[in-house]
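Here is what each chain is made of, one letter per residue.
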Amino acid sequence: MTAETRETVNRRLFIGGAATALTAAAVPAFSQTVGSTESDTPLRGPVRNNLSGFRMLNWQDYFDNTRNGVILADLTSRAVHFWSEDQTIYKLYPSSVPISEELTRRGMTEVIKKVVNPTWTPTVDQHRLHPDWPDQIPGGSPDNPLGVRALYLGWPAYRIHGTHDTRKIGRRSSGGCVGLYNEHIIELFGLAKVGTQVRLL
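Here the structure is a predicted model, which is why all the values come from computation and not from measurement. Here the residue numbering is sequential within each chain, running from 1 through the sequence in written order. Given that this is a predicted model, residues contribute local features only at a pLDDT of at least 70 and side-chain atom pairs are listed and counted only at 80 or more, while totals for whole chains, interfaces and linings are drawn from all residues. Side-chain metrics rest on all non-hydrogen atoms present in the structure, leaving aside hydrogens and water.

Q: So what exactly am I meant to see when it comes to the overall build of the protein here?
A: Within the protein one finds three helices and ten strands. Per the convention used, a helix needs a DSSP run of H or I reaching at least four residues, while a strand needs a run of E reaching at least two, with both numbered from the N terminus. For the protein, the N- to C-terminal ordering of α and β elements is α-β-β-β-β-β-α-β-β-β-β-α-β. Per-residue burial for the protein yields a buried fraction of 36% across its 201 residues. Only heavy atoms enter the contact rule, under which two residues are in contact if any of them lie within 4.5 Å. Put simply, 59% of the contacts in the protein that link residues at least 6 apart link residues at least 24 apart. Think of it in three bands: with a 1.4 Å probe and only protein chains considered, a residue is buried below 20% of the maximum accessible area for its type, exposed above 50%, and partly exposed in between.

Q: Quick question: what am I supposed to make of the packing of aromatic side chains here?
A: In this description, a pair of aromatic rings is defined by centroid distance and the angle of the planes. Note on ring pairs: Phe, Tyr and Trp rings are taken, using the six-membered ring of Trp, and paired if centres are within 6.5 Å. Classes follow the plane angle, with under 30 degrees stacked, over 60 edge-to-face and the rest tilted. Per the counting criterion, the structure on display carries three aromatic pairs. Summarising the aromatic geometry, the rings of W83 and Y90 are spaced 5.1 Å apart at their centres and angled 40° between planes, so their arrangement reads as tilted. For Y90, a relative accessible area of 31% corresponds to the partly exposed category. The rule is short: NZ of Lys or CZ of Arg within 6 Å of the ring centre and within 35 degrees of the ring normal puts a charge over the ring. Sitting above the plane of the Y152 ring, K113 keeps its charged end 4.6 Å from the centroid. When the ring centre of F189 is taken as reference, the NZ or CZ atom of R149 above it lies at 5.7 Å.

Q: Sorry, what's going on with the nonpolar core here?
A: Most often, soluble globular proteins keep nonpolar side chains buried together rather than apart. The biggest cluster of nonpolar side chains holds 22 residues, and the ones touching the most others in it are I71, V80, L151, I160 and L188. Those elements that place two or more of their residues in this core are β1 (70-74), β2 (79-83), β6 (149-153), β9 (178-181), α3 (182-191) and β10 (197-200). No other element matches α3, which puts three residues into this core. Here V80 is in contact with I71, L72, A73, K91, L92, Y93, S95, V178, L180 and L188, once residues within four sequence places are set aside. Take the buried Ala, Val, Leu, Ile, Met, Phe, Trp, Tyr and Cys residues and link them wherever side-chain atoms come within 4.5 Å; each set so joined is a nonpolar core. Formed by seven residues, the second largest nonpolar core is a distinct cluster that contains W59, Y62, F63 and V70.

Printed below as a string of structure tokens:
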């Protein structure tokens, strides 16, 4: 085999291997979304997108000030933004969002309580729909849908919390709350305080 033939074969193998790798990488991403989330329409308006597809937002468009810090839960792009009171800290986290508009609450509220390893108790409606569910799941249990931390909001039964089920992040999958990876809620829990302003958009 001549050097020219080897170069042609190597180039073909490289191109074929790259195409195979790209196809394989696309298959899991597609299969993860089938039946578990709807197709999204492109966001409209003056939107800046980062590489992950989140909308980059400015706190000034949603809050009068950053007193006690601010949390903006963007249910459209499924992301939670945090700005510290002095605006030196900005964080952006992927999130899960409510599974339907009927379960979605939007508007202004605040953090009223912070709980480490929260106990989960189903609501009356959840218990009616799922009578086989337990009355409670203790904090720290790997089955606890609130994960390792929870920020309780001014609306009853609404929280920003962690989750052990990482498949939920980036999807419409919650009964009304906003979920984060456990490592992200631990960080946000440390930054937020009782009185941090919260807006669900």
